[in-house]
Amino acid sequence: MTVPAQVDCLILGAGYPAALFLAQAGKSALMVDPIGNLGGDCLAEGCVPSKAVREAALVRGLADKFAHFGLRGAAQAEAAFGASAVAVTHDDYATDSRAQIYGETLGFIKLVFDLRNGLLLGAQIAGMDAAQLIAPLALALEQGLGAAALADTAFPHPMLSEGINKAARAFFSSLSP
Ligand SMILES: Cc1cc2nc3c(=O)[nH]c(=O)nc-3n(C[C@H](O)[C@H](O)[C@H](O)COP(=O)(O)OP(=O)(O)OC[C@H]3O[C@@H](n4cnc5c(N)ncnc54)[C@H](O)[C@@H]3O)c2cc1C
């Protein structure tokens, strides 16, 4: 490793937030730590990794909670109905006009349909404003609606809910040979 001859700030031990702030301000910082564990306990073993584990547990807990209300993920639906009995369709935020406008293109809408009758079995949404998209899908599940109803209902443009239309229409294209 090349050690610069001159830096704006020398950080001994932990202190990675200071290094980040300095870098954002266009300053140089050199971090020195005898155990080679830059960032100290917080970054390597403490706050950051433990919060990542906590987030994963929270998401898992939420998935179980939604399953209780009838919302299922693809894996659960396949386990319950058999992989050959379900069709899983996607709409990617990267192709959505509103997500593009806001520069939030990381995300997806995933719908799970019963192949026999096109009824909606479950949905997964990750990304911007996911909470707003849950409502129409929960209503569709509650009312026993399916791909036809979701494909034929016009959601306004440019709104993320258009992705529900697109994912529902994909169910019908998935049926074509
Ligand atoms: C599981 C876990 C979860 C945690 N969660 C949180 C949390 O959510 N929020 C929170 O606020 N805190 C949390 N903490 C506590 C937090 O990690 C510590 O309080 C914090 O890391 C202490 O920082 P520090 O800079 O005092 O010491 P350290 O992080 O231990 O850093 C000291 C550094 O100095 C180096 N050093 C020692 N001697 C020298 C020397 N002579 N020259 C140069 N470097 C030297 C060491 O190698 C070490 O890397 C958590 C801790 C654990 C274990």
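Here is what the cut-offs are and how they apply
Residues numbered from 1 in each chain as written. Predicted model: local features only at pLDDT ≥ 70, side-chain atom pairs only at ≥ 80, totals over all residues. Helix = DSSP H or I, 4+ residues; strand = E, 2+ residues; numbered from the N terminus. Buried ≥ 20, exposed ≤ 12 C-beta atoms within 10 Å, placed from the backbone. Contact = placed C-beta atoms within 7 Å. Core = buried A, V, L, I, M, F, W, Y, C linked by C-beta atoms within 7 Å. Expected span 1.5 Å × (residues − 1). Near = placed C-beta within 6 Å. Nonpolar A, V, L, I, M, F, W, Y, C, P; charged D, E, K, R; others polar. Pairing = 2+ DSSP bridges. Axes fitted to C-alpha atoms, helices over the stretch in contact; angles between N-to-C directions.

1. Remarks on the overall build of the chain
Summing up its helical and strand segments, the chain has eight helices and five strands in all. Reading the chain from its N end, one meets helices and strands in the order β-α-β-α-α-α-β-α-β-β-α-α-α. For the chain, buried positions account for 19% of its 177 residues. For the chain, contacts bridging at least 24 residues in sequence account for 50% of all contacts bridging at least 6.

2. Focus on the nonpolar core
Leu111, Val112, Phe113, Ile164 and Ala168 are the most contacted members of the largest nonpolar core, which totals 23 residues. Counting only elements with at least two residues in this core, the list comes to strand S3 (86-92), strand S4 (108-114), strand S5 (120-126), helix H6 (130-142), helix H7 (147-152) and helix H8 (162-175).

3. Describing H6
Between its first and last C-alpha, H6 extends 18 Å over 13 residues, near the 18 Å set by a 1.5 Å rise per residue. Those residues of H6 not exposed but buried are Leu133, Leu137 and Ala140. In this structure, the buried residues of H6 make contact with S4, S5, H7 and H8.

4. Section: unusual backbone geometry
Geometrically, the link from His157 to Pro158 is a cis peptide bond, its omega value of -5 degrees lying close to zero. Even without being a glycine, Asp129 presents a positive backbone phi close to 55 degrees. For Asp129, a count of 17 C-beta atoms within 10 Å gives the class partly exposed.

5. Some remarks on the site of the ligand
The ligand sits among 15 residues. The nearest are Gly13, Ala14, Gly40, Asp41 and Gly46. Looking at the shell around the ligand, the elements that each hand over two or more residues are helix H2 (40-44) and helix H3 (47-68). Per-element tally for the shell around the ligand: the top contributor is H2, with three residues. Split by residue class, the shell around the ligand holds seven nonpolar, five polar and three charged.

6. Considerations on the environment of Asp33
Residue position: Asp33 is located in the loop between strand S2 (29-32) and H2. Take Asp33: there are 15 C-beta atoms within 10 Å of it, and that puts it in the partly exposed class. Each C-alpha atom of the pair Asp33 and Ile11 lies 8.5 Å from the other, and the pair is 22 residues apart in sequence. Among all residues touching Asp33, those that are not within four sequence positions of it are Gly13 and Leu38.

7. With respect to the sheet that holds S5
With antiparallel pairing, the three strands of this open sheet are ordered in space as S3-S4-S5. Edge positions in the open sheet fall to S3 and S5, since each of these has one partner strand only. Mean inter-strand twist for the sheet, computed between neighbouring axes without regard to direction, equals 15 degrees. In this sheet, S4 lies alongside S3 in antiparallel orientation, the contact comprising seven bridges. Its bridge partner being in S4, Asp92 is matched across the sheet by Phe108. Sheet contacts for H6: S4 and S5; angle to S5, the most-contacted strand, approximately 180 degrees.

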